[in-house]
Amino acid sequence: MPTPMGLIGADEAGKGPVLGSMFAAAIRVPDDRAFPAGIRDSKDLSPERREELAAALREAPDVYIGLAEVTPSRIDDPSTDMNTLTVAAQAEAIAAVVRQGDRCVLDASDVRPARFANRVGNRLETTATIDAFHRADEDHPVVSAASIVAKVERDAHVADLAEEYGPIGSGYPSDPETRSFLEEFVLEEARLPDCARRSWQTCADVIATAEQAGLADF
């Protein structure tokens, strides 16, 4: 018997932070009716509600989840860029759950959604219909579900980093706690932490400030 076609949504979390990994999630369902109530864009949910919904998705019998992690060292590789890594991450997550003939809906991380869809599709070995849209995490429940799982994975990762390093904030360059963590770490250790995205301008600024303070190790 042929495998029934499924619907897959994909999204990523943690594209912009200066600390830690980016995560992509893909959610495969028979149709939108497989979702627990309350699914919507992860940005519109509290952390507690995201965790509840992510747990419900993991427990649902007709929901399959694929994940991909893009580490800081991979992000800092000068041979690539964040757009390419976002394509790769969504493709890796989708590859874990996709079946022949599925339809995939992606949150487009490109000014041209069709180009983003083609780039993801070209990385898949399984034939599937690929569509990408701006704000898909707002307009397509299957992508909203993927955004929730990706954000919960990213939040758990940040919590793990805080256990290792102490308070680090959200990891975003605009977060004063994150900036303070980086500045203090560099002043004390004369190096960036392993969790930092060294290619980010924020890291370059922190190192420049440390040099001006008299560190000669850079």
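See the structure above.
Parameters at a glance
Sequence order sets the numbering: in each chain, residues are counted from 1 along the sequence as written. Predicted model: local features are reported for residues with pLDDT of at least 70 only, side-chain atom pairs are reported and counted for 80 or more only, and whole-chain, interface and lining totals are derived from all residues. The basis for every side-chain value is the complete set of non-hydrogen atoms in the structure, without hydrogens or water. In this text, helices come from DSSP runs of H or I with a minimum length of four residues, and strands from runs of E with a minimum of two, each type numbered from the N-terminal end. Each radius of gyration reported is based on C-alpha atoms, and the globular scaling rule is 2.2 Å times the count of residues to the power 0.38. Residue contacts are defined here by distance: any two heavy atoms, one from each residue, within 4.5 Å place the two residues in contact. Axis definition: a line fit to C-alpha positions, over the contact stretch in the case of helices; interaxial angles, taken between N-to-C directions, run 0 to 180 degrees. An angle below 35 degrees is treated as roughly parallel, one above 145 as roughly antiparallel, one from 65 to 115 as roughly perpendicular, and anything else as oblique. By convention the crossing between two helices is left-handed if the near helix lies anticlockwise of the far one by an angle smaller than a right angle, and right-handed if it lies clockwise. Think of it in three bands: residues with accessible area under 20% of the maximum for their type are buried, residues over 50% are exposed, and the middle band is partly exposed, with areas taken using a 1.4 Å probe on protein chains only. The span expected for a helix works out to 1.5 Å for each residue beyond the first. The directions considered for the arc are those from the helix axis to the C-beta atoms. Between N or O atoms, a polar contact is any pair within 3.5 Å; within protein, one atom must be a potential hydrogen donor and the other a potential acceptor, and residues adjacent in sequence are included only when both atoms are from side chains. Put plainly, a pocket is an open set of points on a 1 Å grid over the protein atoms alone with protein on both sides within 12 Å along at least five of seven lines, a cavity is a set where a 1.4 Å probe fits but cannot get out, and a lining residue has an atom within 4 Å of a point. Grid points are joined across faces, edges and corners, and a volume is the space filled by probe spheres set on the points. Each residue receives one of three labels: charged for Asp, Glu, Lys and Arg, nonpolar for Ala, Val, Leu, Ile, Met, Phe, Trp, Tyr, Cys and Pro, and polar for the others, Gly being one of them. In this scheme Phe, Tyr and Trp rings, the latter by its six-membered ring, pair at centre separations within 6.5 Å, and the angle between planes marks the pair as stacked below 30 degrees, edge-to-face above 60, and tilted otherwise. Only when the NZ atom of a Lys or the CZ atom of an Arg is both within 6 Å of the ring centre and within 35 degrees of the ring normal do we say a charge sits over the ring. A pair of strands is treated as paired once DSSP finds two or more bridges between them.

Participant: What am I meant to see in the overall build of the protein chain here?
Facilitator: From N to C terminus, the protein chain includes eight helices and five strands. Along the protein chain, from the amino end to the carboxyl end, the secondary structure elements read β-β-α-β-α-α-β-α-β-α-α-α-α. Relative to its length of 218 residues, the protein chain is compact, with a C-alpha radius of gyration of 19 Å against a globular reference of 17 Å. With the C-alpha coordinates of the protein chain rotated into their principal frame, the extents come out at 70 × 35 × 25 Å. Long-range contacts, defined here as pairs at least 24 residues apart, represent 69% of the contacts in the protein chain between residues at least 6 apart.

Participant: What am I meant to see in the packing of helix α7 (residues 176-189) against helix α8 (residues 201-212) here?
Facilitator: Where α7 meets α8, the closest approach of the two axes is 10 Å, and the angle between their N-to-C directions is 45 degrees. With respect to α8, the axis of α7 lies oblique. Crossing of α7 against α8: the hand is right-handed. Contacts between α7 and α8 involve Arg-179, Leu-182, Glu-183 and Val-186 from the former and Thr-202, Asp-205, Val-206 and Ala-210 from the latter.

Participant: What's the story with the side chain of Ser-147 in this structure? I'm lost.
Facilitator: Structurally, the position occupied by Ser-147 is in helix α6 (residues 141-165). Residue classification places Ser-147 among the buried positions, given a relative accessible area of 2%.

Participant: Got a minute to help me understand α7 in this structure?
Facilitator: Residue pairs spaced three or four apart in an α-helix point in one direction, given the helix's 3.6 residues per turn. Taking 1.5 Å per residue, 14 residues should reach 20 Å; α7 reaches 20 Å between its end C-alpha atoms and fits that length. Residues of α7 that are buried include every one of Thr-178, Phe-181, Leu-182, Phe-185 and Val-186, and no others. Here the buried residues of α7 occupy an arc of 120 degrees about the axis, which is enough to place them on one side. In this structure, α7 carries Pro-176 and Glu-188 as exposed residues pointing more than 90 degrees from its buried face. On its buried face, α7 sits against α6 and α8. Capping of α7 at its N-terminal end is provided by Asp-175; its side-chain oxygen lies 2.9 Å from the backbone amide nitrogen of Glu-177.

Participant: Would you mind going over the environment of Ala-54 with me for this structure?
Facilitator: With respect to the secondary-structure elements, Ala-54 resides in helix α1 (residues 47-59). Look at Ala-54 and you get buried, because its relative accessible area is 3%. Distance in space between the C-alpha atoms of Ala-54 and Asp-137 is 15 Å, their sequence separation being 83 residues. Each residue touching Ala-54, except ones within four places of it in the same chain, is listed here: Ile-148, Val-149 and Val-152.

Participant: Looking at this structure, I do not really get the layout of surface pockets. What am I missing?
Facilitator: If you add up the space inside the largest pocket, you get close to 240 Å³. Taken together, 14 residues form the lining of the largest pocket, with Glu-12, Ala-13, Ser-42, Lys-43 and Asp-137 sitting closest to its centre. When contributions to the lining of the largest pocket are tallied by element, the ones reaching two or more residues are β1 (7-13) and α6. Of the residues assigned to the lining of the largest pocket, the class counts are two nonpolar, three polar and nine charged.

Participant: Can you help me understand the packing of aromatic side chains in this one?
Facilitator: Here a ring pair, both rings aromatic, is described through the centre-centre distance and the interplanar angle of the planes. Enumeration over the complete set of coordinates arrives at three aromatic pairs. The structure contains a cluster of three or more aromatic residues connected by ring pairs, namely Tyr-165, Phe-181 and Phe-185. A cation over an aromatic ring shows up here: Arg-99 above the ring of Tyr-64, its NZ or CZ 5.3 Å from the ring centre. One Lys or Arg, Arg-197, reaches over the ring of Trp-200 and ends 5.2 Å from the middle of that ring.

Participant: It is not clear to me how the pairing of β1 should be interpreted in this structure. Could you clarify?
Facilitator: Put simply, side chains in a regular strand alternate between the two faces of the sheet. Of all seven residues making up β1, seven are buried, and the element is well covered by its neighbours. Going residue by residue along β1, you find Leu-7, Gly-9, Asp-11 and Ala-13 tucked away on one face and Ile-8, Ala-10 and Glu-12 tucked away on the opposite face as well. In this sheet, strand β2 (residues 22-29) lies alongside β1 in antiparallel orientation, the contact comprising seven bridges. Counted as the bridge partner of Leu-7 is Val-29 from β2. With four bridges joining them, β1 and strand β4 (residues 103-107) adopt parallel strand pairing.

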